[in-house]
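Coordinate analysis (summary)
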Amino acid sequence: MALDDLTERLATRFQPIRDRSAWLVEPLNEADAAVQSTPDASPAKWHLAHTSWFFETFVLIPNLPGYCHFHPLFGYLFNSYYDAVGARWTRSQRGLLTRPTLEEVLVYRRHVDNAMAELLASDVSREVAALILLGLHHEQQHQELLLTDILSLFARNPLCPAWHKELAMPAGKAAAFCWVECAGGIAEIGNDGKGFAFDCETPRHRVLLQDYALANRAVTCGEWIDFMADGGYRTASLWLADGWTASISEGWQCPAYWQRQGDDWYEMTLGGLRLVNREAPVSQVSFYEADAFAAWRGARLPTEAEWESAAASQTQQITNDDRTLAPKPQSGEGLTGLFTDVWEWTASSFRPYPGFHIPPGAVGEYNGKFMSGQMVMRGGSCVTPSSHTRATYRNFFQPEKRWQFSGLRLARTL
Ligand SMILES: [Fe+2]
């Protein structure tokens, strides 16, 4: 793409993406935006400030002559994990930052946006354009985290607050379960140089696949209730040893946000406490639970190479409207719902692709240093912005984490 076109596209995309972050916090009050539910999650206000810090630190300070820092300490408060940039506030204590206020953070965002508008009105180099594009995808990552972290916070509150009380829960029936067979052989996965990708999606490389099959859709809540009723959480032989230990020590008996009332299961959603929809994909389960479920069904989780190879051959559109914000029943022919409802745990650990090199500079810390002890999830969830989703995307979390919209799709070897 010509540099002029790239800059123009960035200028067009920049403000709508930034504005969506501010839209996400409109229903929140000052306290909602400041509290941190767990060390893994961050306050909504911190997400808003950190994404602005990213543009300020990596784009504006080096490239916009005369740019003025909004505040001399914001670099310390809102640096997430970049050692090359300097010292930072402790992650687990982000919820102690009652100041700056939400309004002050929103003013900080406007300060950064105005400076970015000035920069985007000029000719920027291809390197700077690439950094701005990275910043926009970073912002979209944090939009998803902002929602999962707010849900984590509200799910701990006995009053069961809603992000939006009127949020509609998708209805409909899931497709009947079936296997979709996929031919093995030598396949290629990873970004092919077209379109945006994070560094960890490169280089594109060959993999050898056996003949395999994937489930036509993600595992549903109804199927998960069957797993629970059949003693899935009480049968050690289904579980990996670390998973069994985690399930006992954490007292897992159901997905993270479920609760039983009488004969019915309810779950915390962004619309508050709602009856579990048996037709919708199950979410907020850990890798360990997903693996145990697959064992219970006599199946397994797909590798990320199997998942991507199958997903790349699909012609389906990514149809998430970015406002549904709850997993919907997956219907239709063939592989369905690959990108739209829940991230799907895979059997693959998050390790570098053959030939991967950590990029130079501070942004080299974006992914590479986390390639240990984490499992890959593929696809995208109901809170992933659709323009941020692609078949090569490698999301990753530690295997015991369960606060994301994380589910599973079964696989088997033919
Ligand atoms: Fe970040």
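A short tour of the structure in this document, coming up. Residue positions within a chain follow its written sequence, with the count starting from 1. Where totals are concerned, whole chains, interfaces and linings use all residues; where local detail is concerned, this predicted model gives features only for residues with pLDDT of at least 70, and gives and counts side-chain atom pairs only at 80 or more. Processing note: side-chain calculations cover all non-hydrogen atoms of the structure and skip hydrogens and water entirely.

So, the overall build of the chain
- Numbering of helices and strands starts at the N terminus; helices are DSSP runs of H or I of at least 4 residues and strands are runs of E of at least 2. Looking only at helices and strands, the chain has 10 helices and 12 strands in total.
- Here the globule rule is a power law, 2.2 Å times the number of residues to the power 0.38, and the radius of gyration is based on C-alpha atoms. A globule of 414 residues ought to have a C-alpha radius of gyration of about 22 Å, and the chain, at 21 Å, matches this closely.
- Principal axes of the C-alpha set define a box for the chain whose edges measure 65 × 50 × 35 Å.
- Think of it in three bands: with a 1.4 Å probe and only protein chains considered, a residue is buried below 20% of the maximum accessible area for its type, exposed above 50%, and partly exposed in between. Taking all 414 residues of the chain together, 55% fall into the buried category.
- Approximately 17600 Å² of the chain is accessible, and the part contributed by carbon and sulfur atoms is 53%.
- We score Asp and Glu as negative and Lys and Arg as positive, and we do not count His or the chain ends. Charge coordinates come from a single atom per side chain, which is NZ of Lys, CZ of Arg, CG of Asp or CD of Glu. Positive and negative side-chain charges of the chain, numbering 36 and 47 respectively, have mean locations separated by a distance of 2 Å. With residues, only the protein chains shown are counted as cover, and all accessible areas are computed by Shrake-Rupley using a 1.4 Å probe.

Some points on the pairing of strand β9 (residues 375-379)
- Burial analysis of β9 places five of its five residues in the buried class, the great majority of the element.
- A strand pair is defined by DSSP finding two or more bridges across the two strands. Pairing of strand β8 (residues 343-349) with β9 involves four bridges; the strand directions are antiparallel. Pairing of Trp 345 across the sheet is with Met 377, part of β9.

Description of the sheet that holds strand β11 (residues 406-407)
- Pairing within the open sheet is mixed, and its four strands lie in the order β10-β9-β8-β11. The sheet is open, and its two borders are formed by β10 (395-397) and β11, each paired with just one other strand.

Remarks on the packing of aromatic side chains
- Only Phe, Tyr and Trp rings take part, Trp by its six-membered ring, and two of them pair if their centres are within 6.5 Å. Stacked means planes under 30 degrees apart, edge-to-face means over 60, and tilted covers everything else. Across all of its chains, the model carries 36 aromatic pairs by this definition.
- Taking the centre distance of 4.7 Å and the plane angle of 80° together, the rings of Tyr 81 and Phe 370 count as edge-to-face. Of the two residues, Tyr 81 sits in the loop between α4 (74-78) and α5 (102-120) while Phe 370 sits in the loop between β8 and β9, which places them 289 residues apart along the sequence.
- Relative to Trp 239, the ring of Tyr 233 lies with its centre 5.8 Å away and its plane at 45°, an arrangement referred to as tilted.
- The buried category is assigned to Tyr 233, whose relative accessible area is 4%.
- Looking at Trp 239, the relative accessible area reads 8%, which means it is buried.
- Charge-over-ring contacts are defined here by two conditions on Lys NZ or Arg CZ: a distance within 6 Å of the ring centre and an angle within 35 degrees of the ring normal. Its guanidinium or amino end placed over the ring of Trp 46, Arg 94 lies 3.6 Å from that ring's centre, counting from NZ or CZ.
- Above the face of the Phe 177 ring, Arg 297 is positioned so that its terminal group lies 4.7 Å from the ring centre.

Considering helix α9 (residues 287-296)
- Taking burial as the measure, the 10 residues of α9 include seven buried ones, the bulk of the element.
- For α9, every residue scored as buried is listed here: Phe 287, Tyr 288, Glu 289, Ala 290, Ala 292, Phe 293 and Ala 294.
- Every residue pair with non-hydrogen atoms within 4.5 Å of one another is taken to be in contact. Buried residues along α9 sit in contact with α7 (221-229), α8 (241-250), β8 and β9.
- After α9 finishes, the residue Gly 298 shows a positive phi value of roughly 70°.

Considerations on the nonpolar core
- Membership of the largest hydrophobic core comes to 105 residues, with the highest contact counts inside it found for Met 116, Leu 119, Ile 132, Trp 163, Trp 224, Trp 258 and Leu 408.
- With 12 residues, the top contributor of residues to this core is helix α6 (residues 126-155).
- Ignoring sequence-local partners within four residues, the contact set of Met 116 consists of Phe 14, Phe 55, Val 59, Leu 60 and Ile 132.
- Grouping buried Ala, Val, Leu, Ile, Met, Phe, Trp, Tyr and Cys residues that are joined through side-chain atoms within 4.5 Å yields what is termed a nonpolar core. In terms of nonpolar packing, the next biggest core, distinct from the first, is built from 17 residues, Val 207, Tyr 212, Ala 305 and Ala 411 among them.

So, the environment of Leu 48
- The residue Leu 48 is located in helix α3 (residues 44-63) in this model.
- Look at Leu 48 and you get buried, because its relative accessible area is 1%.
- Here the alpha-carbon distance between Leu 48 and Phe 78, two residues 30 residues apart in the chain, equals 9.5 Å.
- Apart from the residues within four sequence positions on either side, Leu 48 is in contact with Ser 21, Ala 22, Val 25, Leu 102, Val 105, Leu 106, Arg 109 and Leu 146.

What to know about the packing of α3 against α6
- At a minimum axis distance of 9 Å, the contact between α3 and α6 shows a crossing angle of 170°. Between α3 and α6, the angle falls in the class roughly antiparallel. Whenever a helix is involved, its axis is fitted only over the stretch in contact; in every case the axis is a line through C-alpha atoms, and angles between N-to-C directions fall within 0 to 180 degrees. Orientation labels follow simple angle bins: below 35 degrees gives roughly parallel, above 145 gives roughly antiparallel, 65 to 115 gives roughly perpendicular, and whatever is left gives oblique.

Observations regarding the sheet that holds strand β4 (residues 212-215)
- Read across the sheet, three strands follow the order β1-β4-β12 without closing on themselves; strand pairing throughout is antiparallel. Edge strands, defined here as strands with exactly one partner in the open sheet, are β1 (179-182) and β12 (411-413). Strand after strand, the sheet turns through a mean of 25° between neighbouring axes, direction not considered.
- Where β1 lies against β4, four bridges are found, and the strand directions are antiparallel. In the strand pairing of β4, Val 180 is matched with Leu 214.
- Of the strands in this sheet, β1 and β4 touch helix α10 (residues 304-312), which is tilted by about 75° from β4.

Observations regarding the layout of surface pockets
- Here the largest pocket defines a volume of roughly 750 Å³.
- As for the largest pocket, its lining consists of 31 residues, of which Tyr 81, Arg 91, Leu 145, Phe 396 and Phe 397 are closest to the centre.
- Looking at the lining of the largest pocket, the elements that each hand over two or more residues are α3, α6 and β10.
- In terms of residues, the lining of the largest pocket owes the most to one element, α6, which gives six residues.
- Nonpolar residues are Ala, Val, Leu, Ile, Met, Phe, Trp, Tyr, Cys and Pro. Charged residues are Asp, Glu, Lys and Arg, and all others, Gly as well, are polar. Residues belonging to the lining of the largest pocket are distributed by class as follows: 11 nonpolar, 12 polar and eight charged.
- Both site types are read off a 1 Å grid over the protein atoms alone. A 1.4 Å probe that fits but cannot get out defines a cavity, while an open set with protein on both sides within 12 Å along at least five of seven lines defines a pocket; lining residues have an atom within 4 Å of a point. Grid points are joined across faces, edges and corners, and a volume is the space filled by probe spheres set on the points. What the second largest pocket holds in volume is close to 640 Å³.
- Lining the second largest pocket are 25 residues, with Ala 130, Leu 133, Leu 134, Phe 196 and Ala 197 positioned closest to its centre.
- Put simply, the parts of the chain that give the lining of the second largest pocket at least two residues each are α1 (3-24) and α6.
- In terms of residue count, α6 provides more of the lining of the second largest pocket than any other element does, eight residues in total.

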